[in-house]
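Commentary on secondary and tertiary structure
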Amino acid sequence: MSKQQVFKIKVLLWDKDSPYDFGQSGDKGKFFLKIPHNFFNSVYFHNLSGGQFKVLLELLRRTSECNRNDIEIHRNNIRMTLKCNRTDIEMTLNILRDLKAIDFIEENFANKEVNKEINKINKKPEVLQLPKKKISNNKPKKISFKKQIEDLYENYPRKIGKKKGVETLSRLIKDEDQLKSLSIAIKNYEISVSGSEPQFIKHFSSFANCWEDYLEINVEEKPTEESVLALFDEAVRMGREMEKNNEH
Amino acid sequence: MSIKSFSPKNGLAVAKARLVESKKMLIKTALKFLLEHNGFRPAAMHLIIGLSGAGKSTFFRTVGIDYQINKEGHDRAGIWYSEESENDFEVHFVKTSMAEAYFLNKDINFYSEVDGWESKKADFAKLEKMFKESDIVFFDNLTTSSFYEGSYNEQVYFLRKLKGLVKKYKKPLVVFAHTDSKAKEGAKALIEQNDIRGPKTICNLSEFVYILQQFHVGSEIKSTLRIVKNRGQEVETKVFFLNYDKKSSTYNDAVKLPFSQFKMFFEQRNKL
């Protein structure tokens, strides 16, 4: 039996939130599988083919039934049990490895990982709260961009509805990136309505509710007399063609 | 006047007969925009609205000569002119390549308010006579006519009487009218029925309403005709490009314009 044909694995069921549920720490296996609990509800799990699914179940079954610290799983053994082909076994292992939700962990590293997680549960349950605290600490502070929005308003093509518009946008704009986007949207809108009569330009308060529509707008170049005449000629050509078709 | 009783059986037969008749071309024409609704319709008012210089006179000559050429037998046109004399009108034709065709086929009851206006009452009697003796009546121009002088109520009263003549003699009436001062050549909106000068009643009374509008792009002028009202007739295309022919001083072709493309042109032209 060559080394390549043997997988020594330990299944480590791990959920980032809670409850934590670990298998026993292994000390002799070559590799460990680290599987988050929610993997079984994930799209990865549901996308496994029938054969791959069987292989995964067999791996889990063998692991959970065995009291030994590490489990030797012979590929051929699984193949004979499941009567599946070798590709399914390889593919399952590869898929598990390739998916970021599942890691193969080297033996020494796995021991540390398992112990670390067990310590978190047994000794310092409050540590579990830590990430939450961190998250709350990392929350961006609510910054008001009212002043900047008022500055941008100066470039807006129709000076009506400032108060309501600024209020709405102050609520919607939460970071610098959005502020930059707003600036782009105003520029785009300004170009798109250039030459239009005022009644066809939105009040700033109306624009505030749909500014994102002008983010990726393809701002057309201002038409030329030639391009406008070409449009008319095209309409005439289409009309003549339509008449010809009707005659036929 | 008593209200006629309505018999469902007869009603259906009458309606069917009217439907068949509405599809017949009773006034012959070669103009595409008229072919859309089978020519000028008898007992119907056809209103043409346009700005000064939008091509109403050219349009008038076009439909006039079309009628003269395509008419059947001794059909006669009645022309009521409020702005020019008969002489002015004919001089227009002499200048053009259509002169021969016009004078050869000419069979017109002509009356010009410029030549001999008497009074509203006396001239209305002349107008009624024109309806009686003609197969089609052209009225150019309603908004400058002496009939239209006076109060709003007087104008509406005249319009009702005019409509009465159309229904009484069952002749097609083609009326030309100006837009009011709000409508302008370079405006970025299309001219609508409500832009007519004076009472809007004429639009309600008319079975067909056409708008003549020119679009200036650089040195070029694109003349268009839109059918904005077509009561009792189905119309497939509503926008036409009128091709002006310098020699004949008429529109020698009308091309149907796909509305979406026309709209695109109009929007882009407004951005110039």
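Summary of the structure given here. Note that residues are indexed from 1 along each chain, following the sequence as it is written. Chain letters and ligand numbers both follow the written order, the letters beginning at A and the numbers at 1. Restriction of local features to residues with pLDDT of at least 70 applies here, the model being predicted, together with a cutoff of 80 or more for giving and counting side-chain atom pairs; totals for whole chains, interfaces and linings are based on all residues. Hydrogen atoms and water are omitted, and side-chain values are computed over all heavy atoms in the structure.

**Section: the environment of Phe40 of chain B**
Residues and elements named next belong to chain B. Note the cut-off: Every helix listed is a DSSP run of H or I at least four residues long, and every strand listed is a run of E at least two residues long, numbered separately from the N terminus. The rule is simple: take the accessible area with a 1.4 Å probe, protein chains only, and divide by the maximum for that residue type; under 20% is buried, over 50% is exposed, in between is partly exposed. Throughout, a contact is declared for two residues whenever any of their heavy atoms are within 4.5 Å.
Structurally, Phe40 can be placed in the loop between helix H2 (32-35) and strand E1 (45-50). According to the relative accessible area criterion, Phe40 is buried, its value standing at 4%. Among residues more than four places away in sequence, those in contact with Phe40 are Ile27, Leu34, His46, Val63, Ile136, Phe138, Pro172, Val174 and Tyr210.

**Quick look at the interface of chain A and chain B**
Definition in use: Note on definitions: buried area is the accessible-area loss of two parts on being combined, 1.4 Å probe, summed for both. The working definition used for a salt bridge is a side-chain nitrogen of Lys or Arg within 4 Å of a carboxyl oxygen of Asp or Glu. Nitrogen and oxygen atoms within 3.5 Å of one another constitute a polar contact, given that in protein one can donate a hydrogen and the other can accept it, and given that sequence-neighbouring residues count only through two side-chain atoms. Residues are grouped as follows: Ala, Val, Leu, Ile, Met, Phe, Trp, Tyr, Cys and Pro are nonpolar; Asp, Glu, Lys and Arg are charged; every other residue, Gly included, is polar.
On the chain B side, the residues contacting the 22 residues of chain A number 24 residues. Surface buried jointly by chain A and chain B totals about 2,200 Å² across both partners, of which 67% is contributed by carbon and sulfur atoms. When residues of chain A are sorted by the area they lose upon contact with chain B, Leu231, Phe232 and Glu243 of chain A head the list and together hold 28% of the total. Here chain A and chain B share 3 salt bridges between them. For the pair chain A and chain B, the number of links is 4 residue pairs in polar contact (both at pLDDT 80 or more). Element by element, the count of residues in the side of chain A that touches chain B is highest for helix H11 (residues 225-247) of chain A, at 15 residues. Here the side of chain A that touches chain B is built from residues that sort into 9 nonpolar, 5 polar and 8 charged.

**Things to note about the environment of Lys170 of chain B**
Residues and elements named next belong to chain B. With respect to the secondary-structure elements, Lys170 resides in the loop between helix H8 (152-169) and strand E5 (173-178). Here the alpha-carbon distance between Lys170 and Asp135, two residues 35 residues apart in the chain, equals 9.0 Å. What Lys170 contacts, discounting residues up to four positions off in sequence, is Pro42, Ala43 and Leu165.

**Here we look at the side chain of Lys163 of chain B**
Residues and elements named next belong to chain B. Looking at the secondary structure, you find Lys163 in helix H8. Exposure remark for Lys163: the relative accessible area of 12% places this residue in the buried category. For Lys163, the side chain forms a polar contact with the side chain of Glu207, separated by 2.6 Å. In contact with Lys163, not counting residues within four places along its chain, are Met45, Leu205 and Glu207.

**Comments concerning the sheet that holds strand E6 (residues 208-217) of chain B**
Residues and elements named next belong to chain B. Here is the rule: Strands pair, by our definition, only if DSSP identifies at least two bridges between them. Comment: axis = line fitted to C-alpha atoms, over the contacting stretch for helices; angle = value between 0 and 180 degrees taken between N-to-C directions.
Read from one edge of the open sheet, 9 strands run E3-E2-E4-E5-E1-E6-E7-E8-E9, paired in mixed fashion. On the outer flanks of this sheet lie strand E3 (108-112) and strand E9 (250-256), each paired with one strand and no other. The average angle at which neighbouring strand axes cross in this sheet is 20°, direction not considered. Taken together, the 4 bridges between strand E4 (residues 136-140) and E5 define a ladder with parallel strand orientation. Looking across to E5, one finds that Asp140 is bridged to Phe176.

**Brief notes about the packing of H11 of chain A against helix H10 (residues 259-270) of chain B**
Applicable threshold: Note on angle classes: values under 35 degrees are labelled roughly parallel, values over 145 roughly antiparallel, values of 65 to 115 roughly perpendicular, and the remainder oblique.
Between H11 of chain A and H10 of chain B, the shortest axis-to-axis distance is 9 Å and the interhelical angle comes to 170°. Looking at the two axes, H11 of chain A sits roughly antiparallel to H10 of chain B. On H10 of chain B, the residues that touch Val228, Leu231, Phe232, Glu234, Ala235 and Met238 of chain A of H11 of chain A are Gln261, Met264, Phe265, Gln268 and Arg269 of chain B. Of the residues assigned to the contact of H11 of chain A with H10 of chain B, the class counts are 7 nonpolar, 2 polar and 2 charged.

**Some words on the pairing of E3 of chain B**
All names here are of chain B. Counting buried residues along E3, 5 of its 5 residues qualify, which places the element largely inside the surrounding structure. Of the two faces of E3, the one holding Ile108, Phe110 and Ser112 and the one holding Asn109 and Tyr111 are both buried throughout. Taken together, the 5 bridges between strand E2 (residues 77-81) and E3 define a ladder with parallel strand orientation. Bridge pairing in E3 places Ala77 opposite Ile108.

**Observations regarding the side chain of Thr250 of chain B**
Residue and element names in this part refer to chain B. If you trace the backbone, Thr250 turns up in strand E9. On the basis of relative accessible area, Thr250 is assigned to the buried category, the value being 5%. Within the local environment of Thr250, its side chain forms a polar contact with the side chain of Ser248, the two groups lying 2.7 Å apart. Among all residues touching Thr250, those that are not within four sequence positions of it are Thr58, Arg61, Thr62, Met98, Asn243, Tyr244 and Asp245.

**Brief notes about the environment of Gly50 of chain A**
All names here are of chain A. When you line up the elements, Gly50 lands in helix H2 (residues 50-65). Gly50 sits in the exposed class, given a relative accessible area of 52%. As for Gly50 and Cys84, which are separated by 34 residues in sequence, their C-alpha atoms are 10.0 Å apart.

**Some thoughts on unusual backbone geometry**
Residues and elements named next belong to chain B. Asp140 connects to Asn141 through a cis peptide bond whose omega is 20°. You can see Asn141 is positioned in the loop between E4 and H8. For Lys170, which is not glycine, the phi dihedral falls at a positive 55°. The backbone of Ser249 shows a phi angle near 55°, a positive value even though the residue is not glycine. One can find Ser249 in the loop between strand E8 (239-245) and E9. Residue classification places Ser249 among the buried positions, given a relative accessible area of 10%.

**Topic: the packing of aromatic side chains**
Which entries qualify depends on this criterion: When two rings of Phe, Tyr or Trp (its six-membered ring) have centres within 6.5 Å they constitute a pair, described as stacked for plane angles under 30 degrees, edge-to-face for angles over 60, and tilted for the intermediate range. By definition here, charges over rings are those cases where NZ of Lys or CZ of Arg is within 6 Å of the ring centre and within 35 degrees of the ring normal.
Applying the stated criterion across every chain yields a total of 33 aromatic pairs over all chains. Aromatic pair Tyr189 of chain A and Phe207 of chain A: ring centres 5.1 Å apart, planes at 35°, arrangement tilted. In this pair, Tyr189 of chain A is assigned in helix H9 (residues 176-192) and Phe207 of chain A in helix H10 (residues 204-210), connecting sequence segments 18 residues apart. Given the relative accessible area of 3%, Tyr189 of chain A is considered buried. Note on Phe207 of chain A: relative accessible area 0%, which makes it buried. Their ring planes at 85° and their centres at 6.2 Å tell us that Phe124 of chain B and Phe158 of chain B sit as a pair that is edge-to-face. Separated by 34 residues along the polypeptide, Phe124 of chain B in helix H7 (residues 120-133) and Phe158 of chain B in helix H8 bring together distant segments of the chain. Across the pair, exposure class does not vary: Phe124 of chain B and Phe158 of chain B are buried alike. An aromatic cluster is present here, built from Phe33, Phe40, Phe59, Phe60, Tyr81, Phe110, Phe138, Phe176 and Phe240 of chain B joined pairwise through their rings. Over the face of the ring belonging to Tyr153 of chain A we find Lys159 of chain A, whose NZ or CZ atom lies 5.7 Å from the ring centre. Lying over the aromatic face of Phe124 of chain B, Lys161 of chain B brings its terminal NZ or CZ to 4.2 Å of the ring centre.

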